[in-house]
Amino acid sequence: MDYRKHLRKDDKLAAILGDTVHELKLHKNIPLRLMASIMSQQLSTKVAKVIFHRFLSLYNGKEPRPQQVLDTAPETLRGIGLSNAKVSYVRNVAQFCIDHKITDTKLQKMENEEIIEQLTAIKGVGKWTVEMLLMFSLGREDVFAVDDLGIQQAMCKVYKISTADKKKMKARMLKISANWSPYRTYACLHLWGWKDS
């Protein structure tokens, strides 16, 4: 089914859909995608790209495996512009992926909630980070990032939700988004796009 047809049942969302049709892609080397999302936390997209590019340069432009990352001296990782905290989080991810045999194949067989539960056990990895991974690396169609600031801002505008009480705000967002299932990821993509334009 065309996801847009389903999302148009929500009049307010229908009003902002525009002509864009989003497609989700499945990316390889999920452990690396997770490290990349940690590197990009609290940075602009532009700066994040520069740092990730420097990171790949450490491995001759090739995507490293978790063991290669662990074999890289922390000072080297700091040298590309990562904070001490991010260096240790990136190493935590690499170690965790080795210890728990985290592979693309294994993750693709798991449900969203299982993946969130498993990966948030890594120090430095929060629910939002895993949700972004599910959307942008694993191509999952039904993820709703209630804690994402952009989504909050867009929904509060579109649905006239008060931001006075964060708990009530999130509860209202979750209630509205339930109607978008099984295509909540697409709704998020359109909300981000609408907010940025």
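Shown above is the structure to which this text applies.
Everything quoted here is computed from the prediction, not taken from an experiment.

Participant: Break down the side chain of threonine 129 for me, citing the residues and quoting the values.
Facilitator: Topologically, threonine 129 is positioned in helix 10 (residues 127–136). Excluding anything up to four places from it in sequence, threonine 129 contacts Leu34, Ser37 and Gln41.

Participant: Can you break down helix 7 (residues 84–99) residue by residue, with the values?
Facilitator: The end-to-end C-alpha separation of helix 7 is 22 Å, in line with the 22 Å expected for 16 residues at 1.5 Å each. Turning to helix 7, its buried residues number three or more, namely Lys86, Val87, Val90, Val93, Ala94, Phe96 and Cys97.

Participant: Explain the nonpolar core to me, and be specific about the residues and the numbers.
Facilitator: Ranked by size, the top nonpolar core spans 64 residues in total, and within it Leu7, Leu13, Phe55, Leu119, Met155 and Trp180 carry the most contacts. With 7 residues, the top contributor of residues to this core is helix 3 (residues 30–39). In contact with methionine 155, other than residues within four places in its own chain, are Phe144, Lys160, Ile161, Met173, Ile176, Trp180 and Leu191.

Participant: Any details on a positive patch on the surface? Residues and values, ideally.
Facilitator: Together, Lys12, Lys160, Arg172 and Lys175 give the surface a local cluster of positive charge. Along the chain, lysine 175 turns up in helix 12 (residues 166–178).

Participant: Report on the packing of aromatic side chains, specifying residues and quantitative values.
Facilitator: How two aromatic rings sit relative to each other is given by the distance of their centres and the angle of their planes. Under the definition given, this model contains 7 aromatic pairs. Both rings, one in phenylalanine 55 and one in tyrosine 59, keep their centres 5.3 Å apart while their planes meet at 70 degrees; by these two values the pair is edge-to-face. The same class applies to phenylalanine 55 as to tyrosine 59, namely buried. Consider the rings of tyrosine 159 and tryptophan 180, whose centres lie 6.3 Å apart with planes at 45 degrees: the pair is tilted. A residue pair is termed long-range when its members are at least 10 positions apart, and tyrosine 159 in the loop between helix 11 (149–158) and helix 12 and tryptophan 180 in the loop between helix 12 and helix 13 (184–196) qualify at 21 residues. Each of the two residues, tyrosine 159 as well as tryptophan 180, counts as buried.

Procedures and definitions
- All residue numbers here refer to positions counted from 1 along the written sequence of the relevant chain.
- The predicted nature of this model means local features are confined to residues of pLDDT at least 70 and side-chain atom pairs, given and counted, to a pLDDT of 80 or more, with totals for whole chains, interfaces and linings taken over all residues.
- Where side-chain values are given, they derive from all heavy atoms of the structure, hydrogens and water being excluded.
- Only DSSP runs of H or I covering at least 4 residues are called helices, and only runs of E covering at least 2 are called strands; the numbering of each starts at the N terminus.
- Throughout, a residue-residue contact means that at least one pair of heavy atoms, one from each residue, lies within 4.5 Å.
- To estimate the expected span of a helix, count its residues, drop one, and scale the result by 1.5 Å.
- Classification of residues uses two cut-offs on accessible area relative to the type maximum, computed with a 1.4 Å probe and protein chains only: under 20% is buried, over 50% is exposed, and between them is partly exposed.
- What makes a nonpolar core is a set of buried Ala, Val, Leu, Ile, Met, Phe, Trp, Tyr and Cys residues whose side-chain atoms join them at distances within 4.5 Å.
- In this scheme, patches are assembled from residues that exceed 30% relative accessible area and form no salt bridge. Like charges are connected within 9 Å, while nonpolar side chains (Val, Leu, Ile, Met, Phe, Trp, Tyr) are connected within 5 Å.
- Areas reported here follow the Shrake-Rupley algorithm with a probe of radius 1.4 Å; residue values treat only the protein chains shown as occluding.
- Salt bridges are defined by distance alone: a side-chain nitrogen of Lys or Arg within 4 Å of a carboxyl oxygen of Asp or Glu.
- Residues scored as charged are limited to Lys and Arg (positive) and Asp and Glu (negative), so that His and the chain ends carry no count.
- Note that the charge is assigned to NZ on lysines, CZ on arginines, CG on aspartates and CD on glutamates.
- Between rings of Phe, Tyr and Trp, where Trp is taken as its six-membered ring, a pair exists when centres lie within 6.5 Å; planes separated by under 30 degrees are stacked, by over 60 edge-to-face, and by other angles tilted.

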